[in-house]
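Listed here are the chains, written in short residue letters.
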Amino acid sequence: MDIRELRQDTITDSEADEVARLRNLVDPRRLRSDPPVSRQLAINELRPSVATVAFTYFGLFDGERLLGLAETSGAINAENADVCEVGICTDPTADSQQLSAQLYSHFDAHERARGRTRYWGWGDMASDATRSFWEDQLGYTLAYEERISRCALPNVDAQLMQRWLSQATNRAGGYHLVRAQAPFDDECIEYYAHALEAMNDAPIDDLVLENEVFDADRARQIESLHLSIRSSYQAVFAVETATGALAGFTAVRIPDAEPSLSHQSDTVTIDAHRKRGIGRWIKADMWTWLRSDRPDVLSLDTGNAESNQAMLSINEAMGFQDVLHHGVWHLPT
């Protein structure tokens, strides 16, 4: 067996076909009714690194057959550079524990050379193999629980969305919405930087992170990540009209190779502007925008902390339904 680093710009067609095959076998986000992962989607979603975030993908091959895949990501030249987020998937017909251990040993050396000292292991909470690897083999503990949900956009109650839009007229009369598609203009990239920084308040349960600081340049790097994986990225910003201050933000990522299965990105309402229905307003406006301009976007998948009841209640009202429950395991500091 050999372990190869897989990159978007150097992966071969046969390697990409194997990544697609493995994802079709073990990706818990995909439902039986979903179309199979294509070669192009498998290639596109190998994220390249940017100045402040590094992504690495390692494939464990037996000849030309891919038996395991590990993805690592983490900050570089920025806050929390000691943290490495890790996802491992393995062929269910092989020895999952052994394959995971081989991949772990390989990326551990790679990431520790970067100064990583804390690993966050992501995985499907319903998978006994995943739990056993992180808890029994490595002695990690569950620190964060995330619900992955999906919304079928054509099935959303249009009258409900109209009510959310209408209610904003009364509750958020001093605000307006700005729709934008990446790459953002200079004004919107400032809003985007503020929105990314506001995500420091998102619940992360027992995980520990230093607050991250974003300026326009760093926001451009995050924007470039979305575009580099061959996706459209569009956002709705809620702005306080009198001050020009950002009040709320929501965004979606639409993969070029699979727009029907798109992804809800971050949604946030800034603390000083809460209790005005802004979260519902921007979500309803995004739904309206997608239904009018992107009817090929049939569903959105999103992830929310199980402890984030405010966001979960909005999503449930829209019609988001559970797909799976993700966990993050770590060694407590």
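Note that the coordinates shown come from a computational prediction; the quantities given were computed from them, not determined experimentally. (Residues numbered from 1 in each chain as written. Predicted model: local features only at pLDDT ≥ 70, side-chain atom pairs only at ≥ 80, totals over all residues. Heavy atoms only, no water.)

Side note on the overall build of the protein chain
Then comes step 1: In terms of regular secondary structure, the protein chain is built from nine helices and 12 strands.
Then comes step 2: Against the compact-globule benchmark of 20 Å for 333 residues, the protein chain has a radius of gyration of 20 Å, which places it among compact chains.
Then comes step 3: With the C-alpha coordinates of the protein chain rotated into their principal frame, the extents come out at 65 × 40 × 35 Å.
Then comes step 4: Looking at the protein chain residue by residue over its 333 residues, the buried ones come to 52%.
Then comes step 5: In the protein chain, the share of contacts with a sequence separation of at least 24, taken over all contacts with a separation of at least 6, comes to 73%.
Then comes step 6: Of note, the protein chain has its 31 positive side-chain charges centred 4 Å away from the centre of its 52 negative side-chain charges. (Helix = DSSP H or I, 4+ residues; strand = E, 2+ residues; numbered from the N terminus. Rg over C-alpha atoms; globule rule 2.2 N^0.38 Å. Buried < 20%, exposed > 50% of the residue type's maximum accessible area, 1.4 Å probe, protein only. Contact = heavy atoms within 4.5 Å. Lys, Arg positive; Asp, Glu negative; His and termini not counted. Charge placed at Lys NZ, Arg CZ, Asp CG, Glu CD.)

Concerning helix H9 (residues 309-318)
Then comes step 1: For H9, the complete set of buried residues consists of Met 311, Leu 312, Ile 314, Asn 315 and Met 318. End-on, the buried residues of H9 take up no more than an arc of 160°, which puts them together on one face.
Then comes step 2: Its buried side turned inward, H9 meets strand S6 (141-152), helix H5 (158-171), strand S10 (261-269), helix H8 (278-293) and strand S11 (299-305).
Then comes step 3: Positive phi appears at Gly 319, one or two residues downstream of H9, with a value of about 115°. (Arc of directions from axis to C-beta.)

A word on the sheet that holds strand S12 (residues 321-330)
Then comes step 1: Across the sheet, which stays open at both edges, the 12 strands sit in the order S1-S2-S3-S4-S5-S12-S6-S11-S10-S9-S8-S7 with mixed pairing between neighbours. In the strand order of this sheet, the two ends are held by strand S1 (2-5) and strand S7 (175-181), each with one partner. Sheet twist, expressed as the mean angle between neighbouring strand axes with direction ignored, is 25°.
Then comes step 2: Packing of helix H3 (residues 96-112) onto the sheet brings it into contact with S1, strand S2 (53-62), strand S3 (65-75), strand S4 (83-90) and strand S5 (118-124), and relative to S2 it is tilted by some 140°. (Pairing = 2+ DSSP bridges. Axes fitted to C-alpha atoms, helices over the stretch in contact; angles between N-to-C directions.)

Structural notes on the environment of Ala 195
Then comes step 1: One can find Ala 195 in helix H6 (residues 186-198).
Then comes step 2: Residue Ala 195 is classed as buried on the basis of its relative accessible area, which comes to 1%.
Then comes step 3: As a C-alpha pair, Ala 195 and Ala 158 span 37 residues in sequence and 27 Å in three-dimensional space.

Structural notes on the pairing of strand S8 (residues 231-240)
Then comes step 1: Across the 10 residues that make up S8, a large majority, nine, are buried.
Then comes step 2: The sheet contact formed by S7 and S8 spans seven bridges and is antiparallel. Bridging across to S8, Gln 181 finds its partner in Gln 234.
Then comes step 3: Examined bridge by bridge, S8 and strand S9 (residues 246-255) share nine bridges and lie antiparallel to one another.

Observations regarding the packing of H5 against H9
Then comes step 1: Where H5 meets H9, the closest approach of the two axes is 10 Å, and the angle between their N-to-C directions is 135°. By the criterion of interaxial angle, the relationship of H5 to H9 is oblique. Counting all contacts with H5, which are made through Leu 160, Met 161 and Trp 164, the residues of H9 involved are Ile 314, Ala 317 and Met 318.
Then comes step 2: Along the lines of polarity and charge, the residues of the contact of H5 with H9 split into six nonpolar, no polar and no charged. (Parallel < 35°, antiparallel > 145°, perpendicular 65-115°, else oblique. Nonpolar A, V, L, I, M, F, W, Y, C, P; charged D, E, K, R; others polar.)

A look at the pattern of salt bridges
Then comes step 1: Evaluation of the coordinates by the stated rule reveals 30 salt bridges.
Then comes step 2: Among the salt bridges present, the one from Glu 111 reaches Arg 116, with a minimum N-O distance of 3.1 Å.
Then comes step 3: Its relative accessible area of 1% is what places Arg 116 among the buried residues. (Salt bridge = Lys/Arg side-chain N within 4 Å of Asp/Glu carboxyl O.)

Some words on the side chain of Arg 218
Then comes step 1: As for its placement among the helices and strands, Arg 218 is situated in helix H7 (residues 216-228).
Then comes step 2: The exposure class of Arg 218 is buried, given its relative accessible area of 9%.
Then comes step 3: For Arg 218, the contacting residues outside a window of four places in its chain are Thr 52, Ala 78, Glu 79, Glu 212 and Val 213.

Quick notes on the environment of Met 199
Then comes step 1: Secondary-structure assignment places Met 199 in the loop between H6 and H7.
Then comes step 2: Taking the relative accessible area as the measure of exposure, Met 199 reaches 23% and is therefore partly exposed.
Then comes step 3: Apart from residues lying up to four places away in sequence, Met 199 is in contact with Asp 266, Thr 267 and Val 268.

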